[in-house]
Every structure is written in structure tokens, then in C-alpha cells.
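Breakdown of the fold
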Amino acid sequence: MELFGVAVTLLAMFAGFGVLIGLLFGFFGMGGSFLVTPALMVMGYETDVAVASGLAFVFATSVIATLKHRDLGQVDYKLGVLMIAGTTAGIEVGKLGLHALQAIGLADTVVSVIYVGLLGGIGVFITYNAVTDDGDGDGGISHDADAEVDADDIPDIAKKIQSYRVPPMMNLRGGISVSLWMILAVAFATGLLSGFLGVGGGFIRMPALFYLIGVPVPIAVGTDLFEIVFSGGIGSFLYAMDGAVDLEIVVPLLAGSALGARLGAAATSLVDEDEIKVYFGVMLLLGSLAVAVRKIGNWFDVPELQTVSLVIILGAATLVAGAVVVSSVRELRSEEAAAASAAD
């Protein structure tokens, strides 16, 4: 009976966690295995099981979220398909690297260090840029995915990259033109992370699409999710062949995320673009802190820090998901008030 109670508690916890992660995943185009993988490591699962289960969860959740973004016209299929080729090669290289490190007992340490460095660095960069934005543009999200992108809304780095006219050039949604080689480079790098860290790659690919290629944030999120359908599917299949995917983890997570992913995707058409970037940066910073605390606990043999790390992860998901919901409700009320005022 006691074991049954523990099993039910775990299922409920995974399902609840799935709702939060699904909302974040649909809203940011990331947040799935980025949170699931370190959480499973904290709970004591082997690195390969945590990585594989995270990828399997990402694959299924990304399908749900992509369908919603498709309905909103926020998916650039050409860009997504072009990135798949580079991602596939990157995943296989990353998977081989993880297995090699696991064989010599360094996988957990290396994965944790890379997580902390990438999440923290990208989080600081995005948060700083969003907070210090001079606000020259309207800051809003265009509901017309085919509208031309205002040059003032494109980051300076992306403008510089777009200026290198290395053929073949690809014309993307919003009137953006960028070299195919840059798209493939971003795809390979994120595929490498997907296979090595057990992430869909969204926490680096989404900002890369915006800051390096110049894709508007809503379309970057939707296209990123479309690509994750393939990268997550390929990665989870390769790990499943090794027997590393734990369905007792994946199934309850998916049960909870099905609703969350749809809500999160819908929220991108409501929340201000700068708010999306701020929430994204905060999410990365808190994730980086959680992984760092867990690793310090391992180094100094302080098991209490494992619990602190898990609390930070759950708290981060709850805090940011709550902020997304509040922002969406606030925007809906504002639109309703404006409509009522216009009617009068």
C-alpha cells in the first residue's frame, strides 16, 4: 500500500509538472527537457535515462504546441525544414559524445557545467537586452506572420549577419533574407546540444533565430517548435533503441502538458514581445542556478542541496508560468475594455 501511495504521488507530481512545462514550452519554444532533464537527475535517475526521457517528452509536447502555433500563422516551414538537416547530424554527434563521457564517468559533471554556463550566459544576455531596450518600436507582436519586419526591430547582430550575402540566400517570412550556411550552422550547433544535453535545443535556438537570423520572436518560437518535432523525435528514437526511455516518467508528463502547451502557444499572440524575452531570460537564469546548486551539493556531499535545486526548478516553472498567465489575462481584459469603449 505504501509503495502504491508513492507511485500515485509521483504520477501526480509528474502530471502537475507537465502542465507547467507544457505552458512554458508552448510559450517559449523551450522549457521541456531543459527543466525535465535536470529535475530527473536531482531525483536520482541515471543521466542517460534523464536525457532520453526528456527528449521523448519534448517530441510529443512539441507536436501539440506546433499545431497551435500553426493555427496562429507563426511557423516558417521553409526555415524549419532547412534546419532539420543540420540538426540531425548534430544530434548523432552529441549522442556519441554523451555515451563516451558516461563510459568514463564524467557525463553528469560535464552536462551540468555546460547547462550552467549556457543557461546563465544566454539568460543574462537576453534579460539585459530586453530590460535595456530603448523601446523605439511599438514592442508589440504582429498577428500577421507575413508582414514585413521593421528594420528597427531586428537586432544589430542579425543585421550584420544578414549583410553577408553568401549564396545561396534564403528568403524567410517577414521579408528576411539570410545565407543558407548560417541557418545550417545554427541547426548543427543546436542539434549537438539536443543529443548531448537531452534538450530540444530551444533555449539556444529560439534566441539564435531572433538575435542571429532576425526572425520575429513569435515566428522564432513557432518555427523552433516545428523543428523540435523532428530533433526531439530523432533523439528520443535513438535513445529508445538503447532502452533508455522511461515511459513511467514520460506518460504522466505528457498527460499534464497537453493542456499547458496549447495555452502557452495561445499566449504568444497576447503578451508583449519584450515581456516574452524578459520571462525567457529569467527562466534560463533560474534553471542555471538550480543546476549549479545541485552540482555543488554533489561536490561537497550535501544532499539537502539536491532538494533545494529541485525546489528552484519547480519554483522557476511555477513563477514564470504564473507570470505568463497573468500577462495574458491582463492583455485580454485590456482588449475587452478597448472593444467596449469603441462600441460606446
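As annotated in an unreviewed UniProt entry, the protein chain carries the name Probable membrane transporter protein and comes from Halobacterium bonnevillei.

When helices and strands are counted, the protein chain shows twelve helices and two strands. Written out in order from the N terminus, the α and β elements of the protein chain read α-α-α-α-α-α-β-β-α-α-α-α-α-α. A buried classification covers 50% of the 344 residues belonging to the protein chain. Partitioning the contacts of the protein chain with sequence separation of at least 6, the portion at a separation of at least 24 is 82%.

Side-chain positions along a regular strand alternate between the two faces of the sheet. Because side chains alternate across strand β1 (residues 169-172), one face comprises the buried residues Met-170 and Leu-172, and the other comprises Met-169 and Asn-171, none of which is buried. Note that β1 and strand β2 (residues 176-179) share four bridges and pair antiparallel. From the neighbouring strand, Met-170 faces β2, where its bridge partner is Val-178.

Here we take up the pattern of salt bridges. Under the criterion given, the structure shown has one salt bridge. When the shortest N-O distance is used, the salt bridge between Asp-71 and Arg-70 registers 3.3 Å.

Put simply, helix α4 (residues 77-103) and helix α5 (residues 107-131) touch, their axes get as near as 7 Å, and they point 130° apart. On the basis of the axis angle, α4 is oblique to α5. Two secondary-structure elements touch here, α4 through Leu-98, Leu-101 and Gln-102 and α5 through Ala-107, Val-110 and Val-111. Split by residue class, the contact of α4 with α5 holds five nonpolar, one polar and no charged.

Let us now look at the packing of helix α3 (residues 47-71) against helix α10 (residues 247-267). As a packed pair, α3 and α10 sit with axes 9 Å apart at the nearest point and diverge in direction by 30°. Put simply, α3 runs roughly parallel to α10. Where α3 crosses over α10, the handedness of that crossing is right-handed. Contact with α3, carried on its side by Val-49, Ser-53, Ala-56, Phe-57, Ala-60, Thr-61, Ile-64, Ala-65, Leu-67, Lys-68, His-69 and Asp-71, involves Ile-249, Val-250, Leu-253, Leu-254, Ser-257, Ala-258, Ala-261, Arg-262, Ala-265 and Ala-266 of α10 and no other residues of that element.

Attention shifts here to helix α7 (residues 180-197). Residues lying three or four places apart along an α-helix face the same way, a consequence of the helix completing one turn every 3.6 residues. The first and last C-alpha atoms of α7 sit 26 Å apart over 18 residues, in line with the 26 Å expected at 1.5 Å per residue. Within α7 the residues assigned to the buried category are Leu-180, Ile-183, Val-186, Ala-187, Thr-190, Gly-191, Leu-193, Ser-194, Gly-195, Phe-196 and Leu-197. Measuring from the side-chain oxygen of the N-cap residue of α7 to the backbone nitrogen of Trp-181 gives 3.2 Å; that N-cap residue is Ser-179.

This part takes up the nonpolar core. Residues Phe-27, Phe-28, Leu-172, Ile-213 and Val-215 are the most contacted members of the largest nonpolar core, which totals 78 residues. Once residues within four sequence positions are removed from consideration, Phe-28 is found in contact with Met-206, Val-221, Asp-224, Ile-276, Tyr-279, Phe-280 and Val-320.

A separate point is the packing of aromatic side chains. Across all of its chains, the model carries three aromatic pairs by this definition. Seen from their ring centres, Tyr-77 and Phe-226 are 5.2 Å apart, and the 85° between their planes marks the pair as edge-to-face. You can see Tyr-77 sitting in helix α4 and its partner Phe-226 sitting in helix α9 (residues 217-241), a full 149 residues away along the chain. Under the relative-accessibility criterion, Tyr-77 is labelled partly exposed at 39%. Consider the rings of Phe-125 and Tyr-211, whose centres lie 5.0 Å apart with planes at 65°: the pair is edge-to-face. Remark: Tyr-211 occurs in helix α8 (residues 202-213) and Phe-125 occurs in helix α5; sequence separation between them is 86 residues.

Attention now moves to a nonpolar patch on the surface. Taken together, Val-113, Ile-296, Trp-299 and Phe-300 make up a surface patch of nonpolar side chains, about 450 Å² in accessible area. The residue Phe-300 is located in the loop between α11 (273-299) and α12 (304-343) in this model. By relative accessible area, which is 60% here, Phe-300 ends up exposed.

With that settled, the discussion passes to the side chain of Ser-62. Secondary-structure assignment places Ser-62 in helix α3. What Ser-62 contacts, discounting residues up to four positions off in sequence, is Phe-25, Leu-225, Ile-228 and Val-229.

Attention shifts here to the confidence of the model for the protein chain. Summary statistics for the protein chain give a mean pLDDT of 77 and a share of 85% for residues scoring 70 or more. The low-confidence segment residues 136-144 (pLDDT under 50) makes 16 contacts with residues lying over four places distant or belonging to another chain.

Rules behind the numbers
Residues numbered from 1 in each chain as written. Predicted model: local features only at pLDDT ≥ 70, side-chain atom pairs only at ≥ 80, totals over all residues. Heavy atoms only, no water. Helix = DSSP H or I, 4+ residues; strand = E, 2+ residues; numbered from the N terminus. Buried < 20%, exposed > 50% of the residue type's maximum accessible area, 1.4 Å probe, protein only. Contact = heavy atoms within 4.5 Å. Pairing = 2+ DSSP bridges. Salt bridge = Lys/Arg side-chain N within 4 Å of Asp/Glu carboxyl O. Axes fitted to C-alpha atoms, helices over the stretch in contact; angles between N-to-C directions. Parallel < 35°, antiparallel > 145°, perpendicular 65-115°, else oblique. Nonpolar A, V, L, I, M, F, W, Y, C, P; charged D, E, K, R; others polar. Left-handed = near helix turned anticlockwise from the far one by under 90°. Expected span 1.5 Å × (residues − 1). Polar contact = N/O pair within 3.5 Å; in protein donor to acceptor, adjacent residues only side chain to side chain. Core = buried A, V, L, I, M, F, W, Y, C linked by side-chain atoms within 4.5 Å. Phe/Tyr/Trp six-rings, centres within 6.5 Å; stacked < 30°, edge-to-face > 60°. Patch = residues over 30% accessible without salt bridge, like charges linked within 9 Å, V, L, I, M, F, W, Y side chains within 5 Å. Areas by Shrake-Rupley, 256 points an atom, 1.4 Å probe, with all protein chains shown as cover. pLDDT = per-residue confidence, 0-100.

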